[in-house]
Amino acid sequence: VKELDKLIEKADEEILNKNYNEAQEYLLEAIESKNIHKSKYYQNLKYFIHHPYRELEEKIDFFNRENIITVKDYKESIEKYQGKKPEAPKIEILKKDQEKIRDWFYKCLLYTKRIRRDALGNSNFAELEVDDEIKEIESEYFVSPEGSYRHLAKGKLVNSEIYSIVSHPEYDMPEDEITILMYLDLKKVKVEENKVVISLEKLPGYRSLSYYNTGGNPYIKSCDIVFKIKKFEDGTFKIRDYYIDNMITEVYQKEV
């Protein structure tokens with residue numbers, strides 16, 4: 001049991017040092033022990049090993065540089081983007097040229113998504129002080145701010161607070177809006193009464209973004225990103241919703 005405790009303490013130390021692969025090895029060795037329930041850290045570990053929708057190996061596999069998030073990481077990600085908010089959402093933004101309109105929506109999504117470190121997911125805020133800051137920031141741009149984490153774990157091992165272990169992306173989902181806005185070429189921006197439609201298409205002769213996150217066929221040929229907006233009397237607007245529409249895909253044939 002003492003050896004088990006040491007393994008968990010080593011894992012905790014590696015998490016604090018951001019050596020998540022090493023932490024994964026220590027944790028896997030500890031959790032696989034039949035005496036794990038005797039460890040003094042067992043109650044802490046329950047956050048990681050007793051999730052009803054995940055197999056043990058899958059949960060441990062989340063411990064890599066992309067998918068584990070500590071409270072410290074989370075707060076640092078807020079600080080990193082604190083001074084990089086897009087221009088305040090005034091109606092005048094929608095009267096600029098097409099590239100600038102597209103850039104504003106891109107920056108808005110970049111900011112609000114990156115501070116959460118995840119593209120898509122369910123609304124599920126952790127009970128942390130920093131969440132109030134995020135909601136306040138998002139409320140400037142969205143009618144209904146919502147989070148983007150799936151909280152598979154939240155708690156402490158020894159000293160490190162784990163905020164979240166993020167699930168792997170779903171393989172039957174298209175690339176998310178922020179990636180499409182960044183990589184597909186702008187075709188047209190149409191500003192209507194209650195929505196902004198940004199039409200995009202790939203460059204001819206090149207492979208585009210894969211519809212599946214695996215990187216294979218089919219590829220996105222063109223699509224619209226629709227932002228539903230709500231206008232206010234003070235000359236501002238907020239985003240009510242956004243989604244991908246009118247997507248056309250194609251199969252890329254490799255030349256022989």
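Structure's up top.
Residues numbered from 1 in each chain as written. Predicted model: local features only at pLDDT ≥ 70, side-chain atom pairs only at ≥ 80, totals over all residues. Heavy atoms only, no water.

Undergrad: So what exactly am I meant to see when it comes to helix H6 (residues 98–114) here?
TA: End to end, H6 covers 24 Å across 17 residues, agreeing with the expected 24 Å (1.5 Å per residue, within 8%). Among the residues making up H6, those that are buried are Ile101, Arg102, Trp104, Phe105, Tyr106, Cys108, Leu109, Leu110, Tyr111, Thr112 and Lys113. Near the N-terminus of H6, the side chain that reaches the backbone nitrogen of Glu99, with its oxygen 3.2 Å away, is that of Asp97. (Helix = DSSP H or I, 4+ residues; strand = E, 2+ residues; numbered from the N terminus. Expected span 1.5 Å × (residues − 1). Buried < 20%, exposed > 50% of the residue type's maximum accessible area, 1.4 Å probe, protein only. Polar contact = N/O pair within 3.5 Å; in protein donor to acceptor, adjacent residues only side chain to side chain.)

Undergrad: Please clarify how a negative patch on the surface should be interpreted in this entry.
TA: A cluster of acidic residues, Glu22, Glu25, Glu29 and Glu32, forms a negative patch on the protein surface. Note on placement: Glu29 falls in helix H2 (residues 20–31). (Patch = residues over 30% accessible without salt bridge, like charges linked within 9 Å, V, L, I, M, F, W, Y side chains within 5 Å. Areas by Shrake-Rupley, 256 points an atom, 1.4 Å probe, with all protein chains shown as cover. Salt bridge = Lys/Arg side-chain N within 4 Å of Asp/Glu carboxyl O. Lys, Arg positive; Asp, Glu negative; His and termini not counted. Charge placed at Lys NZ, Arg CZ, Asp CG, Glu CD.)

Undergrad: Just to check I follow, could you spell out the pairing of strand E6 (residues 219–231) for this structure?
TA: Every regular strand shows the same layout, with side chains that alternate between the two sheet faces. Note: strand E5 (residues 195–201) against E6, 7 bridges, orientation antiparallel. Within the sheet, the bridge partner assigned to Leu200 lies in E6 and is Cys223. Linking E6 back to strand E7 (residues 237–250) in an antiparallel pair, the connection comprises 5 residues, with Gly235 at a positive phi of about 90°. (Pairing = 2+ DSSP bridges.)

Undergrad: What should I look at first to understand the packing of aromatic side chains in this one?
TA: Geometrically, a pair of aromatic rings is defined through the distance of the ring centres and the angle of the planes. Evaluated as defined, the whole model comprises 7 aromatic pairs. Each member of the aromatic cluster is reached from another via a ring pair, and the members are Trp104, Phe105, Tyr141, Phe142, Phe227, Phe237 and Tyr242. (Phe/Tyr/Trp six-rings, centres within 6.5 Å; stacked < 30°, edge-to-face > 60°.)

Undergrad: Explain the sheet that holds E7 here, please?
TA: Adjacent strands of a sheet form backbone hydrogen bonds with each other and so pair up, either parallel or antiparallel. Within the open sheet, the 4 strands sit side by side as E4-E5-E6-E7. Their pairing is antiparallel. Looking at strand neighbours, the two that pair on one side only are strand E4 (185–191) and E7, the edges of this open sheet. Taken pair by pair, the neighbouring strands of this sheet meet at an average axis angle of 15°, ignoring direction. Across the sheet, H6 lies against E4, E5, E6 and E7, angled at about 95° from E4, the strand it touches most. (Axes fitted to C-alpha atoms, helices over the stretch in contact; angles between N-to-C directions. Contact = heavy atoms within 4.5 Å.)

Undergrad: Explain the pattern of salt bridges here, please?
TA: Where side chains of opposite charge bring their charged atoms close, a pairing between them can arise. Following the criterion strictly, the structure yields 8 salt bridges and no others. Between Glu3 and Lys6 there is a salt bridge, with the nearest N and O atoms lying 3.7 Å from each other. On the criterion of helical spacing, the pair formed by Glu3 and Lys6 is a turn pair, its members being 3 residues apart in helix H1 (residues 2–16). Given a relative accessible area of 45%, Lys6 falls into the partly exposed group. Between Glu250 and Lys202 there is a salt bridge, and its shortest N-O distance comes to 3.1 Å. Taken together, the positions of Glu250 in strand E7 and Lys202 in the loop between E5 and E6 put the pair 48 residues apart, joining distant regions of the chain. On the accessibility criterion, Glu250 (25% relative accessible area) is partly exposed. One continuous salt-bridge network, built from bridges that share partners, spans Glu99, Arg102 and Asp103.

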